[in-house]
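Next come the chains, spelled out residue by residue.
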Amino acid sequence: VLQSLSMNFVQKICKAQIREVKARKTSTAFSMSLGDVIDQAYYMEPDFIVESGTMGEAGNASEQIVSKISSEEDCIIVADAGAGKTTLMAKCFLEKAENKCNPFEFPAYVWLKDKGLNYSFSIQTYLEDCFERYLHKKIYPFFSKENIRFSFFLDGFDELAEKLTKDDLQRLCSSEMFQYPMVLTS
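Attention in this report is confined to the structure presented alongside it. Not measured: the values here are computed from a predicted model.

**Quick word on the packing of helix α3 (residues 61-70) against helix α4 (residues 85-98)**
- Two elements in contact, α3 and α4, have axes separated by 9 Å at closest approach and are oriented at 55 degrees. In terms of their interaxial angle, α3 and α4 are classed as oblique. For α3 against α4, the interelement crossing comes out right-handed. Of the residues in α4, those touching α3 at A61, S62, E63, I65, V66, I69 and S70 are L88, K91, C92, E95 and K96.

Below, the structure written as structure tokens:
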């Protein structure tokens with residue numbers, strides 16, 4: 001019963017994040033929301049080059065990234081400022097979050113610009129933040145994260161990276177959140 005209640009909270013947080021991602025404005029589409037750009041078919045899938053690792057035979061960039069994260073692999077989206085990294089990241093997150101077939105999956109979208117260098121990047125802290133932000137309450141005391149399959153979509157790493165020292169980078173890479181499958185933009 002407690003596990004089911006925990007999954008219910010995960011579903012509510014995930015739905016709230018979907019709404020929030022869709023509502024965010026994008027600079028590449030004259031202040032339209034990301035949801036409008038994607039839902040109204042204004043989004044154009046970018047060409048991409050695989051710099052490292054392997055990708056599947058077919059599919060566009062977002063399909064390839066969602067496939068990687070579903071296979072519990074990491075992916076980094078690298079491009080110049082204004083090239084559409086955030087929009088691509090949002091599209092990937094929305095595809096994963098809206099089409100997840102396992103109730104124990106928790107795709108999580110994190111704006112690193114909002115977190116800063118001193119954020120702990122622990123799952124517990126992240127969940128506490130989500131309960132406060134999306135459910136307007138303290139974390140459920142019996143919340144169980146044991147069977148949850150997290151995947152993180154971390155947007156804005158480049159904005160943090162400009163300020164990172166070698167020690168900061170080591171701390172981030174060894175943090176709990178970075179042990180899960182993730183997609184980073186930089």
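**Comments concerning the nonpolar core**
- Counting residues in each nonpolar core, the largest one holds 55 residues, and the members touching the most others are F106, Y126, F152 and L154.
- At eight residues, the largest contribution of residues to this core is made by helix α1 (residues 2-23).
- Sequence-distant contacts of Y126, that is, excluding residues within four places in its chain, are made with Q17, F106, A108, Y109, V110, Y119, F152 and M177.

**Remarks on the sheet that holds strand β2 (residues 105-111)**
- Read across the open sheet, the four strands follow the order β1-β4-β3-β2; overall the sheet is parallel. The open sheet is flanked by β1 (75-77) and β2, the only strands paired with a single partner. Strand-to-strand twist in this sheet, taken as the mean axis angle between neighbours without regard to direction, amounts to 15 degrees.
- Seen against the sheet, α3 touches β1, β3 (149-155) and β4 (182-185) and runs at an angle of roughly 140 degrees to β3.
- Its contacts with the sheet put α4 on β1, β2, β3 and β4, and the angle it makes with β2 is roughly 160 degrees.

**A short note on the pairing of β2**
- Of all seven residues in β2, seven are buried; the element is thus mostly enclosed.
- The alternating pattern of β2 places E105, P107, Y109 and W111 and F106, A108 and V110 on opposite faces, both of which are buried.
- In this sheet, β3 lies alongside β2 in parallel orientation, the contact comprising seven bridges. Within β3, the residue paired with V110 across the bridge is L154.

**Brief notes about the pattern of salt bridges**
- Counted by the stated rule, this structure contains eight salt bridges.
- Residue E98 is joined to K22 by a salt bridge in which the shortest nitrogen-to-oxygen separation is 3.0 Å. In this pair, E98 is assigned in helix α4 and K22 in helix α1, connecting sequence segments 76 residues apart.
- On the basis of relative accessibility, which here comes to 41%, the residue E98 falls in the partly exposed class.
- Judged by its relative accessible area of 24%, K22 is partly exposed.
- K96 is the salt-bridge partner of E105, the closest N and O atoms lying 2.5 Å from each other. Side by side, E105 and K96 carry an identical accessibility label, which is buried.

**Some thoughts on α3**
- In terms of burial, α3 is a largely internal element, seven of the ten residues being buried.
- Buried within α3 are the following residues: A61, S62, Q64, I65, V66, K68 and I69.
- The secondary structure elements touched by the buried residues of α3 are β1, α4, β3 and β4.
- E72 lies just past α3 and shows a positive phi near 60 degrees.

Criteria and cut-off values
- Residues numbered from 1 in each chain as written.
- Predicted model: local features only at pLDDT ≥ 70, side-chain atom pairs only at ≥ 80, totals over all residues.
- Heavy atoms only, no water.
- Axes fitted to C-alpha atoms, helices over the stretch in contact; angles between N-to-C directions.
- Helix = DSSP H or I, 4+ residues; strand = E, 2+ residues; numbered from the N terminus.
- Parallel < 35°, antiparallel > 145°, perpendicular 65-115°, else oblique.
- Left-handed = near helix turned anticlockwise from the far one by under 90°.
- Contact = heavy atoms within 4.5 Å.
- Core = buried A, V, L, I, M, F, W, Y, C linked by side-chain atoms within 4.5 Å.
- Buried < 20%, exposed > 50% of the residue type's maximum accessible area, 1.4 Å probe, protein only.
- Pairing = 2+ DSSP bridges.
- Salt bridge = Lys/Arg side-chain N within 4 Å of Asp/Glu carboxyl O.

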